[in-house]
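Given next are the chains, with one letter for each unit.
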Amino acid sequence: MINPRRTPATAPVPNLAGARPLEARGVEVGASGVTAAPYSFGIFALEDAGM
């Protein structure tokens with residue numbers, strides 16, 4: 001996720017609780033979605049759910 005805005009951003013993305021940050025600054029992932037601070041970025045690894 002990249003947030004180039006000067007205001008915080010959120011994205012309701014379900015099932016990301018197991019995401020592992022590879023490189024991130026100002027981005028947090030939770031069970032209900034992603035929250036990004038102003039001028040932030042995040043690259044996350046998603047575990048295979050076996051689907």
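Everything in this summary refers to the structure shown in the same document. Within each chain, residues carry numbers counting from 1 in the order of the written sequence. Given that this is a predicted model, residues contribute local features only at a pLDDT of at least 70 and side-chain atom pairs are listed and counted only at 80 or more, while totals for whole chains, interfaces and linings are drawn from all residues. Water and hydrogen atoms play no part in the side-chain values, which are based on all heavy atoms of the structure.

## A word on the environment of V13
In step 1: Only DSSP runs of H or I reaching four residues or more are called helices, and only runs of E reaching two or more are called strands; each is numbered from the N terminus. Structurally, V13 is set in the loop between β2 (9–11) and β3 (20–30).
In step 2: Among the residues examined, V13 registers a relative accessible area of 32% and is labelled partly exposed.
In step 3: With 17 residues separating them along the chain, V13 and G30 place their C-alpha atoms 8.8 Å apart. Burial classification: accessible surface area is computed with a 1.4 Å probe over protein chains only, and a residue below 20% of its type maximum counts as buried, one above 50% as exposed, and the rest as partly exposed.

## Topic: the side chain of N3
In step 1: With respect to the helices, strands and loops of the structure, N3 is situated in strand β1 (residues 2–3).
In step 2: Residues adjacent in sequence count toward polar contacts only when both atoms are side-chain atoms; beyond that, a polar contact is any pair of N or O atoms within 3.5 Å, and within protein one must be able to donate a hydrogen and the other to accept it. A polar contact is formed between the side chain of N3 and the backbone nitrogen of R5, at a distance of 3.2 Å.
In step 3: Of the polar contacts made by the side chain of N3, one reaches the backbone oxygen of T7; its length is 3.1 Å.
In step 4: In this structure N3 touches P8, A9, A36, A37, P38, Y39 and S40, once residues within four positions along its chain are discounted. Contacts were defined at the residue level, with two residues in contact if any of their heavy atoms lie within 4.5 Å.

## Examining the pairing of β3
A regular strand places its side chains on the two faces of the sheet in alternate fashion.
In step 1: Strand pairing requires that DSSP identify at least two bridges connecting the strands. Inspection of the sheet shows β3 paired to strand β4 (residues 33–45) by nine bridges, in the antiparallel sense. Across the sheet, V29 pairs through a bridge with V34, a residue of β4.
In step 2: The antiparallel hairpin formed by β3 and β4 contains two residues in its connecting segment.

## Looking at the side chain of S40
In step 1: Of note, S40 is situated in strand β4.
In step 2: Note on S40: relative accessible area 4%, which makes it buried.
In step 3: Once residues within four sequence positions are removed from consideration, S40 is found in contact with M1, I2, N3, R25, G26 and V27.

## Things to note about unusual backbone geometry
In step 1: Positive phi values are uncommon outside glycine, yet Y39 reaches one of about 50°.
In step 2: With respect to the secondary-structure elements, Y39 resides in strand β4.
In step 3: According to the relative accessible area criterion, Y39 is exposed, its value standing at 54%.

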